[in-house]
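These are the residues of each chain, in order.
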Amino acid sequence: SLRAVTDLESYGERTVYIDCDVIQADGGTRTAAITGAFIALVDLFRSAKGRGIVTEIPVRDYVAAVSAGIVRGELLLDLEYAEDSQADVDMNVVMTAGGLFIEVQGTAEKIPFSRVRLAELTDLAVRGIEELTIRLNALFSDLVDAAHQSGGDILKFGGDALLAAFDDTPSAPDGWTRALRSAHAMRHVAARHRRRLRTLALRLGLAHGPWREGVAGDTVGRREHFVWGQTVTRAIAAADASAGQVC
């Protein structure tokens, strides 16, 4: 799906690995992974451009994916687990923002379906992807900008989460203050987008201290970027904390 919109010749003999960890699933995991992977890819190339590795971001169009299906005779978009497990027909659609199809995969789980139903499902998915592309582009662009404007670097995307670092060195002091400023800005971003994404929830976790990053794997096979350390662990625990809990 990502290769279809990426200029593979533009960044030389390099390989991009994107690993999608579905942290919390309630149906639609594959389509959510594709949409999230696209966001991670664009952020990677944005960072690479900033470091002079590439001159332009080699992504020609946006990509988003959504599921659609027929449950008890009713057409549904973005099926949750209870709907997906009972669906008569289950379909995954991957498209560009320009309205071009990358993948259309549909299965009759219980009974065959007609060409008319196929067209209806496809139209429903197209409308969903158009809306998803607009909303996700605006939301994640604003969240990433909130980090960058305070001097933060996006280290890693994980499912529906992002991890940012704010240097606290003599050349870049006040990292903790800038992280707090970024977190406050992200809260305002989420509040603004929640008017259209009613189920949107944002959790923020902050921690101060050293951390490490590295790449595991070999030069031929798969490699993965890791970020670790007690600081990272505390930040994640803080994001997952309940009201009144001290981490």
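Residues numbered from 1 in each chain as written. Predicted model: local features only at pLDDT ≥ 70, side-chain atom pairs only at ≥ 80, totals over all residues. Heavy atoms only, no water.

(A) Broad picture of the overall build of the protein. When helices and strands are counted, the protein shows 5 helices and 8 strands. When the helices and strands of the protein are listed from N to C terminus, the series reads α-β-β-α-β-β-α-β-β-α-β-β-α. Sorting the 247 residues of the protein into buried and exposed places 32% on the buried side. The contacts in the protein between residues at least 6 apart in sequence include a share of 54% that link residues at least 24 apart. On the protein, roughly 15300 Å² of surface is accessible, and the fraction owed to carbon and sulfur atoms is 51%. (Helix = DSSP H or I, 4+ residues; strand = E, 2+ residues; numbered from the N terminus. Buried < 20%, exposed > 50% of the residue type's maximum accessible area, 1.4 Å probe, protein only. Contact = heavy atoms within 4.5 Å. Areas by Shrake-Rupley, 256 points an atom, 1.4 Å probe, with all protein chains shown as cover.)

(B) Fine view of the nonpolar core. Phe38, Val59 and Val63 are the most contacted members of the largest nonpolar core, which has 15 residues in total. Residue assignment for this core shows that the elements contributing at least two residues are helix H1 (29-50) and strand S1 (63-71). Broken down by element, this core gets its largest block of residues, 7 residues, from H1. Once you skip the residues sitting within four places of it in the chain, valine 59 turns out to touch Val5, Phe38, Leu41, Val42 and Phe45. (Core = buried A, V, L, I, M, F, W, Y, C linked by side-chain atoms within 4.5 Å.)

(C) The arrangement of the packing of H1 against helix H3 (residues 115-148) in detail. Taken N-terminus to C-terminus, the directions of H1 and H3 make an angle of 40°; their axes are 12 Å apart at the nearest point. Relative to H3, H1 is oriented oblique. Classified by chirality, the crossing of H3 by H1 is right-handed. In this structure, H1 contributes Thr35, Ile39, Asp43 and Arg46 to the contact, and H3 contributes Leu132, Leu136, Phe140, Val144, Asp145 and His148. In terms of residue class, the contact of H1 with H3 is made up of 5 nonpolar, 2 polar and 3 charged. (Axes fitted to C-alpha atoms, helices over the stretch in contact; angles between N-to-C directions. Parallel < 35°, antiparallel > 145°, perpendicular 65-115°, else oblique. Left-handed = near helix turned anticlockwise from the far one by under 90°. Nonpolar A, V, L, I, M, F, W, Y, C, P; charged D, E, K, R; others polar.)

(D) Main features of the packing of aromatic side chains. Throughout the structure, instances matching the rule amount to 2 aromatic pairs. Between the aromatic rings of tyrosine 11 and phenylalanine 45, the centroid separation amounts to 5.2 Å while the plane-to-plane angle is 50°, which identifies the pairing as tilted. One end of the pair, tyrosine 11, is in the segment before H1; the other, phenylalanine 45, is in helix H1, and 34 residues separate them in sequence. (Phe/Tyr/Trp six-rings, centres within 6.5 Å; stacked < 30°, edge-to-face > 60°.)

(E) Summary view of helix H5 (residues 230-240). The complete set of buried residues in H5 reads Thr231, Val232, Ala235 and Ala239. Looking down the long axis of H5, one finds its buried residues gathered within 100° of arc, a one-sided arrangement. Of the exposed residues in H5, the ones pointing more than 90 degrees away from its buried face are Gln230 and Asp240. (Arc of directions from axis to C-beta.)

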